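Understanding the architecture of this molecule
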Amino acid sequence: MTDRVSTMDSSEDEEFFDSVDTIGVPYEGESTTASRSDYVPPPGEVAVLYAGTNTVSFGLAPIVTSVKCKLHIDYTSDKHRDRVIVEDCSAVDVEGLNPGTEYTFSITRIEENGNQSKAASVTVFTEPVPPVARTVSDISSESLSLQWDTPAGEVVNNTVTCCCEGETVQEETTDTNSVTFSSQRPGMCYSLQCEKQFKECGMTDRVSTMDSSEDEEFFDSVDTIGVPYEGESTTASRSDFVPPPGEVAVLYAGTNMVSFGLAPIVTSVKCKLHIDYTSDKHRDRVIVDDCSAVYVEGLNPGTEYTFSITRIEENGNQSKAASVTVFTEPVPPVAITVSDISSESLSPHWDTPAGEVVNYTVTCCCEGETVHEETTDTNSVTFSSLRPGMCYSLHVSAQLKNGRISKPAVTSAKTKTLLESILEDLGLKQYDTERLSLSKILEIDEKTTTDEPAKCKSDLPWYFLKKLMMGNVTARNLKCTSVCESRCDDASKITMLDLKNLVISQNSGDMLNPLDIITALFLCSDGFVQQELALKMSLCQFSVPLLLPNCDTNHCTLMLWAMRDIVKKYRPPNLSESKGFTEERIVVSELPMVSFVRLGECSLSKSEILNKLLSNSQQYHDTFVHHNMDCGDSPRRISNGVTEITWYLPCGNRNMDVFSQPVAVANLRGDIASFETQYSFLCQTSAAVFVFFDDLKSGCKLLTKQQHKGKIFLVGNHQSKNFSFDALEKIATKLGLSKDNIIIKTKQINDADFVKSLRKTVNDVVEKSEMKMSVEQMVVVAREFGISVDEDSPECQAGKQNADAIIAEIQDILKYKEDQLPLQGEIWKELTRLEKEEFRLRKLGSENIENYKSDLQIQKSKLREKQNSYDISTAMTRFIAAISSQGIERCYFLKWMRMNLDNVSRIKLSGLREQYKEKCKNSENKEEIKEIDRQLSNSSLGTEHFFREMGQIYEASLCLPETQESRRQLQHLPKLCAQLLLDGFPVELVDGDASNIPLRWVSDVLSQLSDLVSPKNKILVVTVLGVQSTGKSTLLNTMFGVQFAVSSGRCTRGAFMLLIKINEDVKRLLNCDFMVIIDTEGLKSPELAQLDNSHEHDNELATLVVGLSDITIINIAMENSTEMKDILQIVVHAFLRMKEVGKHPICQFVHQNVSDVSAHEKNLRDRNLFLEQLNEMTQAAAKMEKKEENKKFTDVMEYNPDTGNWYIPGLWNGNPPMAPVNTGYSEVVYDLKKNIIQLLGRCESSANNIMEFKEWMTSLWNAVKHENFIFSFRNSLVADAYMKLCTEFNKWEWEFKKEMYTWVTDAETKISNFGTVAANSETSDMSELLTSLKIEASELLSSKETKLQQNLTEYFKQTEGHVYLVEGHKEDFSNSAKTLRKEMERSVFNQLTTAADIRQGMTEIDRIKETHKKEIEKAVCDLIDQCRKKKVQMTDTELDKEFNKMWSETLKKLSFYEQKTTDVFISVSRCLRSNVGHKGSHACQLLDEKTLKDCGIQPFKYAATGVFKRFTDKVISSFNLKSHTMAVQEMSDSIIDACTQFVAERMERKNNYHDTYIQEILHMIDAKLHNNQDLKTDIKFEVSLKQHICGFAARHFQKMHEDFIQVNDPYRCLIKNKDKFCADFKDVFQERDQCQKKAEEFTNQCLKPAVEDFVNRHLGTDIVDEMLTIQMFSLRSSFQYSLLLDLLSKNKFEGYQSYSRSYESYAKKWTLEQIKKTFSSGSTMFKFEDQHLKTCISRINDAINKAKTGNSSDLKTFVEDICRELGDKLVISQDALGNFMILNKADQEQFAKCLKVSVVDMAEDLREKFKKSDIEMKLKYLSVQPENELFTRVVGCGKQCPFCASPCDAGSKDHDQHWATLHRPEGLGRYRYLFTGKLSTDICSSSVASDVHFRSSATNNEWHPYKEYRKIYPDWNIGPDVSYQASDYWKYVMTKYNDDFAKAYDAKPADIPAAWKKITNKEAEKSLEETFRIKGD
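Positions within a chain are numbered from 1, following the residues in the order the chain's sequence is written. In keeping with the model being predicted, local features are shown solely for residues with a pLDDT of at least 70 and side-chain atom pairs are shown and tallied solely at 80 or more, while totals for entire chains, interfaces and linings include all residues. Heavy atoms throughout the structure, all of them, feed into the side-chain values; hydrogens and water do not.

Examining the packing of aromatic side chains
Two aromatic rings from Phe, Tyr or Trp, using only the six-membered ring of Trp, form a pair when their centres are within 6.5 Å; if the ring planes differ by under 30 degrees the pair is stacked, by over 60 it is edge-to-face, and anything between is tilted. Using the criterion set out here, one finds 56 aromatic pairs in the structure. The interplanar angle of 65° and the centroid separation of 6.1 Å between the aromatic rings of F1500 and F1581 together place this pair among those described as edge-to-face. Residue F1500 is located in the loop between α41 (1481-1488) and α42 (1507-1519), and its partner F1581 is located in helix α45 (residues 1579-1607); the two are separated by 81 residues in the primary sequence. Side by side, F1500 and F1581 carry an identical accessibility label, which is buried. Counting every residue linked through ring pairs, the aromatic cluster contains F1693, Y1696, Y1699, Y1703, Y1706, Y1929, W1930, Y1937, F1941 and Y1945. Two thresholds decide whether a charge sits over a ring: the Lys NZ or Arg CZ must be within 6 Å of the ring centre and within 35 degrees of the ring normal. Between the NZ or CZ atom of K569 and the centre of the ring of F581, over which it lies, the distance is 5.8 Å. Sitting over the ring of F1726, K1811 keeps its end group 5.1 Å from the ring centre. Under the DSSP-based scheme used, a helix requires at least four consecutive residues in state H or I and a strand at least two consecutive residues in state E, with every element numbered from the N terminus. Each residue's exposure class comes from its accessible area (1.4 Å probe, protein chains only) as a fraction of the maximum for that residue type: buried when under 20%, exposed when over 50%, partly exposed otherwise.

Concerning the state of the cysteines
Count a disulfide wherever a pair of cysteine sulfur atoms falls within 2.5 Å. Here the structure, examined in full by the defined rule, presents zero disulfides. Cysteine C164 remains unbridged, with the sulfur of C189 as its closest cysteine sulfur at 7.2 Å. Judged by relative accessible area, C164 falls into the buried class, the value being 5%.

Points about a negative patch on the surface
Together, E1640, D1801, D1805 and E1808 give the surface a local cluster of negative charge. Locating D1805 in the fold gives a position in helix α55 (residues 1788-1812). By definition, no residue in a patch forms a salt bridge, and every one has over 30% relative accessible area; like charges are joined within 9 Å, nonpolar side chains (Val, Leu, Ile, Met, Phe, Trp, Tyr) within 5 Å. Only the protein chains shown count as cover for residues, with accessible areas throughout obtained via the Shrake-Rupley method and a probe of 1.4 Å. Salt bridge, as used here, is a side-chain nitrogen of Lys or Arg placed within 4 Å of a carboxyl oxygen of Asp or Glu. We treat Lys and Arg as the positive residues and Asp and Glu as the negative residues; His and chain ends play no part in the count. All charge positions are set by atom: Lys at NZ, Arg at CZ, Asp at CG, Glu at CD.

Description of the side chain of N513
Tracing the sequence through the fold places N513 in the loop between α4 (481-493) and α5 (514-524). The exposure class of N513 is buried, given its relative accessible area of 1%. In this structure the side chain of N513 is engaged in a polar contact, spanning 2.8 Å, whose partner is the backbone oxygen of S634. Apart from residues no more than four positions distant in its own chain, N513 is found in contact with V625, C631, G632, S634, P635 and R636. The term polar contact refers here to a pair of N or O atoms within 3.5 Å; inside protein, the definition further demands a hydrogen-donor-capable atom paired with an acceptor-capable atom, and it admits residues adjacent in sequence only when both atoms are side-chain atoms. Contacts are assigned to residue pairs with any non-hydrogen atoms lying within 4.5 Å of each other.

Some details on the packing of helix α48 (residues 1635-1668) against α55
Fitted lines through C-alpha atoms serve as axes, helices being fitted only where they are in contact, and the angles separating the N-to-C directions of these axes extend from 0 to 180 degrees. Remark: α48 packs on α55, axes separated minimally by 8 Å, with the N-to-C direction vectors making an angle of 45°. When the interaxial angle is binned, α48 and α55 end up oblique. For the pair α48 and α55, the sense of crossing is right-handed. Contacts from C1635, Q1636, K1638, A1639, E1640, F1642, T1643, L1647, K1648, V1651, E1652 and V1655 of α48 reach α55 at Q1790, F1791, C1794, L1795, S1798, V1799, M1802, D1805, L1806, K1809 and F1810. Residue classes in the contact of α48 with α55 are distributed as 13 nonpolar, four polar and six charged. Any angle that falls under 35 degrees is termed roughly parallel, while one over 145 is termed roughly antiparallel, one within 65 to 115 roughly perpendicular, and all others oblique. By convention the crossing between two helices is left-handed if the near helix lies anticlockwise of the far one by an angle smaller than a right angle, and right-handed if it lies clockwise. The residue classification treats Ala, Val, Leu, Ile, Met, Phe, Trp, Tyr, Cys and Pro as nonpolar and Asp, Glu, Lys and Arg as charged. All others, Gly included, are polar.

Focus: the environment of G736
Along the chain, G736 turns up in the loop between α11 (725-735) and β38 (742-745). Overall, G736 belongs to the exposed group, its relative accessible area being 61%. Between the C-alpha atoms of G736 and I712, which are 24 residues apart in sequence, the distance is 9.8 Å.

Some remarks on the sheet that holds strand β19 (residues 283-289)
Strands are labelled as partners when DSSP assigns at least two bridges between them. A sheet is described by the order of its strands in space; here four strands give the open sequence β19-β18-β21-β22, paired in antiparallel fashion. Strands at the two margins of the open sheet, each flanked by one partner only, are β19 and β22 (322-327). Looking at each pair of strands side by side, their axes are set apart by 25° on average, direction ignored. As defined by bridge partners, strand β21 (residues 304-313) adjoins β22 across six bridges and the pair is classed as antiparallel. Across the sheet, the residue bridging to I309 is A322, located in β22.

Topic: the nonpolar core
In this structure, F879, F946, M950, F1149, L1684, F1843 and Y1929 are the most contacted members of the largest nonpolar core, which totals 221 residues. No other element matches the 16 residues that helix α36 (residues 1276-1312) contributes to this core. In this structure, F1149 is in contact with I1114, I1116, L1128, F1170, L1174, F1193, Y1199, G1204, N1205 and W1206, ignoring residues within four places of it in sequence. For this analysis, a nonpolar core means a set of buried residues of the types Ala, Val, Leu, Ile, Met, Phe, Trp, Tyr and Cys, connected via side-chain atoms within 4.5 Å. In terms of nonpolar packing, the next biggest core, distinct from the first, is built from 128 residues, V544, V597, V1022 and L1070 among them.

Points about the sheet that holds strand β4 (residues 81-87)
With antiparallel pairing, four strands are arranged side by side in an open sheet as β4-β3-β6-β7. The open sheet has two free edges, formed respectively by β4 and β7 (120-125), since each of these has just one partner strand. Going from strand to strand, the sheet's axes swing by 25° on average, the running direction of each strand aside. Here strand β6 (residues 102-111) pairs with β7 via six bridges, running antiparallel. From the neighbouring strand, F105 faces β7, where its bridge partner is V122.

Description of unusual backbone geometry
The step from S1014 to P1015 runs through a cis peptide bond, and the omega angle for that step is 5°. By the element assignment, P1015 lies in the loop between α24 (999-1013) and β41 (1018-1026). The amide bond that connects P1216 to the next residue, P1217, takes the cis arrangement and shows omega of 10°. With respect to the helices and strands, P1217 occurs in the loop between β46 (1205-1208) and α33 (1223-1242). One non-glycine residue, A1845, lies in positive phi territory at about 65°. With respect to the secondary-structure elements, A1845 resides in the loop between α57 (1826-1835) and α58 (1884-1887). Residue classification places A1845 among the buried residues on the basis of a relative accessible area of 10%.

As for the confidence of the model for the protein chain
A residue's pLDDT is simply how confident the predictor is in it, with values from 0 to 100. Residues of the protein chain with pLDDT of at least 70 account for 88%, and the chain-wide mean is 81. Least confident of the elements in the protein chain is helix α27 (residues 1086-1089), whose mean pLDDT is 47; most confident is strand β34 (residues 643-648), at 96. The model gives residues 1-36 a pLDDT under 50, and that stretch makes 111 contacts with residues more than four places away or in other chains. Confidence drops under pLDDT 50 across residues 1515-1521; counting only partners more than four residues distant or on other chains, this segment forms 24 contacts.

Comments concerning the pairing of strand β27 (residues 391-400)
Among the ten residues of β27, eight are classified as buried, and the element is accordingly described as predominantly covered. Where strand β25 (residues 357-366) and β27 come together, eight bridges link them in antiparallel fashion. Paired with V362 across the two strands is V396, which belongs to β27.

What about helix α60 (residues 1928-1936)?
Burial analysis of α60 places seven of its nine residues in the buried class, the great majority of the element. Every buried residue belonging to α60 is among D1928, Y1929, W1930, K1931, Y1932, V1933 and M1934, and all of these are buried.

Looking at the packing of helix α40 (residues 1464-1476) against α41
At a closest axis distance of 9 Å, the pairing of α40 and α41 adopts a crossing angle of 155°. With respect to each other, α40 and α41 are oriented roughly antiparallel. Judged by the twist between their axes, the crossing of α40 over α41 is right-handed. Every residue of α41 that contacts α40 at L1472, R1473 and V1476 is listed here: A1483, C1484, L1487 and D1488.

Let's talk about the side chain of S1003
Position of S1003 among the secondary structure elements: in helix α24. In contact with S1003, other than residues within four places in its own chain, are K1254, M1257 and T1258.

Re the pattern of salt bridges
Counted under the stated rule, the structure contains 73 salt bridges. With its nearest N and O atoms 3.4 Å apart, the salt bridge here joins D764 to K760. Highlighted residues: D764 and K760, both in helix α12 (residues 751-768), separated by four residues, approximately one helical turn. A salt bridge links E1713 to K1690; the shortest N-O distance between them is 3.9 Å. With a gap of 23 residues between them, E1713 in helix α51 (residues 1703-1718) and K1690 in helix α49 (residues 1676-1690) connect regions that are remote in the sequence.

Written out as structure tokens, the structure reads:
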């Protein structure tokens, strides 16, 4: 037989075992499909090849292995023990043995890694040593004597035989060493043989001796196989003798190989072995070297072979042959796999082996016995009816055609246990080892949001969990739709009417019993899931497992921990009158327990009867699963042995209560005969045990041997055929039962009467029984019976010990909180008060604001110091240590803490409620009632108080130096809390007692949470708001399966957040990773109602949670309409505030306790009424928030009354405590949950990440600390979103402007070239060209505006980047786009008109110039002809003389008209009059009072008019802010500066004057005055300012005009070119080559200026582009930050003074400095210049080449062609071109070559010029002034805060609200205190939150409250500082330069608050970074 082969099948995760020790290892063709990694093949059967006197040789079966092995050979005899270690081989020798000794050899094979095989043993005798030194003496004719030495060994005696001629003559036995033989014949040869008898091993071989009287001959008397070893010799041998192989040992016979062992020989001659072998179909020979072990391979399996082995020497001598017959092994079946493994069956499969197989024999064995044996001719077989969880050995043998049977291939497979089988069916197999966790169950996945029914068995547990976690009592209705559908399909196929099918019961075996699913879930879940399951099942009034068996191990567990969290409230009879109630954890309640069990089969449905027993007449409820429920009739596979428990708890109403006393009811599933342990446990713990039976014959012993502590009742069914009165009487007698203990259901008793009878019996037991036991007390009994307790796990016990150590110290809750949790008491509440006061400044009084705030800061610091002075209490030390433990132990600890603290609070609150009730009976006890009420509010103690203390410890530690050890030791606390949040524990967001958020603590916890989950850190937030005790927490618990506190006395205070993971499949829909659920304190809380600020508290909370949430659920109980109105007003306030800050949460209104199925339809009128109430509340809230434009609720948010309202029936279906959860409640809540998920999926806004949520929370809470939320809201997310919007819009705006600048440049080029040879225009009319250009410009502007608006629209469509937060600014930016278009259109049209008019004006001058040039050219040509006619060589002097003569004569002939200059003052006056004409006749009269020429000479000074105004100015300037006069003067100076710069820019261009210049100036003045309407100037001021500006502008423009006329005077131009004409005259006359000269002239006079002009016209936009890449110019906020930081770094007062005096002027100057600084190196500027230069050179070369290929008839045409090609980009001077063309006789081709060279030279010259030019010089000649563009971009609207003069930071140009990021002390804006004259330290961002008043010119010097500043400055939004440190920059500046500012403003230095003096330069810089959201390095 072959060795057995083991095969593993991994398809079903089977376990396999080798059932037989394997000797040897398979050879070729055999495989082991599975093997252990540490398995080493044993040596197998050991063949003894040779045993000598001191040597033994063994033959071993060979092995095939890649691992080197050694053989350890241990051998022992009675006197000898040793070990030999040799290399693994087929033949081994052991030497050094004792002769004639029995040895036992143990051979073990050991691998290099230490793994070893089993040992193989063999026993061998070594040969005894024959007698030695034999001599024959005393030889005579008749006798001789033989002597010998004693050999080794214990010799007993010697036998000596004397033979002669083959016959024995004599034989003697002696114990001596000699013997004498007599009576011999003379002269005969005698052979003497001596044998020795040894003590152990018998006789030696005979030793022969020959005696011949003289010479002795010795012969071996026996043929010897082999050659003697040491000490032996052959005295005679034949020379040709070859030892034969002797006996051949078959060491191994495999399937295609045989191994032989041969006895070794000692010979000096080399031999070979010839092995001939034959079979019926095979013959062959193998020749190998002679050795002890030989192999023959290549044989056929299952075949008989005869082997003949001959030893042949090298000389050809050969031995006799040795023969042996061997069968090769048949190949066993290979590749055995086992599939379809279930708990009862399995199927092995195998491949067909080599050989002619007839059939297979398959044997299935278990525990050494054959279970099944099958013979088959196929390659598989199925064994059924197997036992679950057993290991089966499968042997498969193949029978060949020749009758040979292979060794069996063996594999092992283990049938699945019942539990494994059902877990696999349910898809829970992975949770058998890795327990199902609560986070997995609560995870939001596709199953939780769809109504898909269970389609397969693996869906059932999740279906059950989904329903159960939502408290749905239909959770146990578990059936797969696929099963139902298949049955329907089968039925539909039946066409014939077959009524028999109606009575054939459907097979329920393919469905699972609900109890099996519940049991499986409990077995697969961790302790927390078990607890949650038990709690939810108890809510649904389902029975819960008391004893949970594991059917595989038959081990039971008492589910104490699982039930630990169940709290029950009920009213026992003794509290009925007082209406009191008992509330406690059910496991500690001492109640009588009544148990129901079954003996054998029972025809009564025990569970169904129990359900009827526990249900009252009004409502039946299935507490226990029974046969008649869905799938209840399916066979139970793993739930037999489960003992369920439920409780009946009375409500105190005798008419409704089934039992008047509370009672526990236990129900054991299965036959008690099979579950004696459970039955015994129930007998010891129950007040009564009811045994249901049909047949008692077999149960007598079981029932009588148990000791029953309670009563026993027998419940039988007389109608059962197995019922026997005799058996009943026998057992009743033995148990001593009376008739009352026997309940029989007869045919005459119906079910109702039977249940009534049973209920009466149970009631009697409950009322009379004194045996009461809590589940906790059952632990002792459980352990006695070997039942484990789930709470005994090490983690649970460790958590309990840690919790008990803390709880044990609690005696008085109030005192405990003061001693152990001191930081969160009055200190924290005082800190909260100070924080809010710092923002609200309610108690400021007459004190200076900043001093007051500084004092508040000091008080806060002292409180933090006081907190730090406390040592961490013992309780907190233990608490922190416990939550620092790892994993599940921490979770157990927190659960124990929560439960135990609830217990403590419950006891305390119960007592206080009793006192409260007693005191309320007497109305005189008001103070005592108030004190008890306070105690009721403060006696709550939960884990949140410990976490709150931890947060305060952490926040206080942050006030310590960073290097302090105590601070560093506490830095890990946020991470601990974050991990708990991730584990599913709720974390307090808002401290309900102090009504505050510990911002730093919560922020750091969220930061740590973000780090833990990153990058999966996106969240969506769902919150609930509503009146207290309206079921908000219950709603969330039902909806999401979570466990917010809902027990009595533990109403939510503040707000708690909890994290739920989003599954991958739903993540795609929601685009988030987690959902944050926020449960809030009830609004209109009775505890807070007595406080003055309760409404404020509710508003704060509502605003916060609405602001944080993506969906807000407004929970409204329908009972109280007044409270509903209050709630709606609070909520509408919150939503209105969110709308104002850009947040658009979704709202769902939930109306509780509406049970009618037609509620939705019936409530149509109610919904409309509800909407009216919402609208009413909206109007009221809008009025309070000063947002009256919101008239309806739908103005605030999207709201549909039909889809935004949910009507939810009451929670309980019946009367508690026995009422289950209402199915309708669960179903509607489930629909609401689905709707919420869908709404979130459709939500346009993207999910926040955790860090964004943190920022949003911080900003929101800082905002709600102010009274005026809307104007105080400053949020980093909003700021970031606004910055992104500004960045994008600025980019689009600049692209718009840059493209228009480029277009205008090209258009101006066209106009400038109009009417010249360079013109490309098709029209010859300038007006037509201008019109077409304006049309083109208008179309381009429209398209660009449309594109910009589209960009804006698309930007707001995106979901990322929180764009929804800035949607309120969309209109502002849209208006800015429209304004930009209008401004650009006006500017473009003006530029086009100006260019066209100037060009048109030059036309006549150009014509005159051209005429003059032609006359001069004609005269010169005539002169040349005259001179040439003289035919004499003339010198240059003579030619000059002739030319001068001709020049004078010609000039006399020409008529020169003097160019008239225009009186620019007249034009400007006309424009000015036109501008102010529409202001009325008084404006025109004012113009007439003073001529324009007299204006603008002296500096402009504004003086107040009127006595009252002058007096007011004097008062204001003396005591307060800068006066109205000063303000108007500053505005005037600013306008004048801007206009002066405009005039200077126009002067630089050296163009002619045009009216558009002055119109542009007047437009600038109007715009500035419009932006400063709040200064309330009159028409006289406006006219005088315009006159002043127009006066000096006209004066400059007049000079510019006159200069232009003079430069372009034809006579002057002609005179200027006289020398050139003369030189050209001489060149022509002398016939010199003009090509080089003319090429250089054309290049330098025509092309070079044009190229320089081109570069200058384009360089401006390049500079702007480059500057925009710098961060400081990317955004207005970046500019402000950079500018202020620069001021700080320069550390000079003058800079701050300039900044404060005129922000615009300083900012513009600083912008120019930054441009110069950026381009000071020149490299960047040169790069741009060179780029444009290359463009021009390329165009010029292209034009030359194109002109050369044209048909130019002469040089003039050639040059004109070049100019025409360049006409669209370059403006070529017509004067220069005309001058160049005069007397030009150059060769065209040569000119072209020279021109190209000149162009190259020109490029180099320009490059050198560009490099050497100064940046300031370059900036003068740019058509687009970059400093103006940049300044316009960053200065915004230019408005400044009316109090502190901080610039407006709004991003769009057209905005109706101004705001500044950073306000500064008002003293920097010239404010001083009225009576002291000292500079004010008040900061307007603080003042607006106080009750302080101000007065200014805008208030007509009347006092006005800062809080109502918007009535005076309605367009300014001044938000309060988000923190005290926000204005640290300006506080530092004012502190440092206090005296300087006082001197500059002619005031006294300010009284600097103490806190300001501590601010360092670094802190000032940091505050800048934080304010402008600049990320530091």
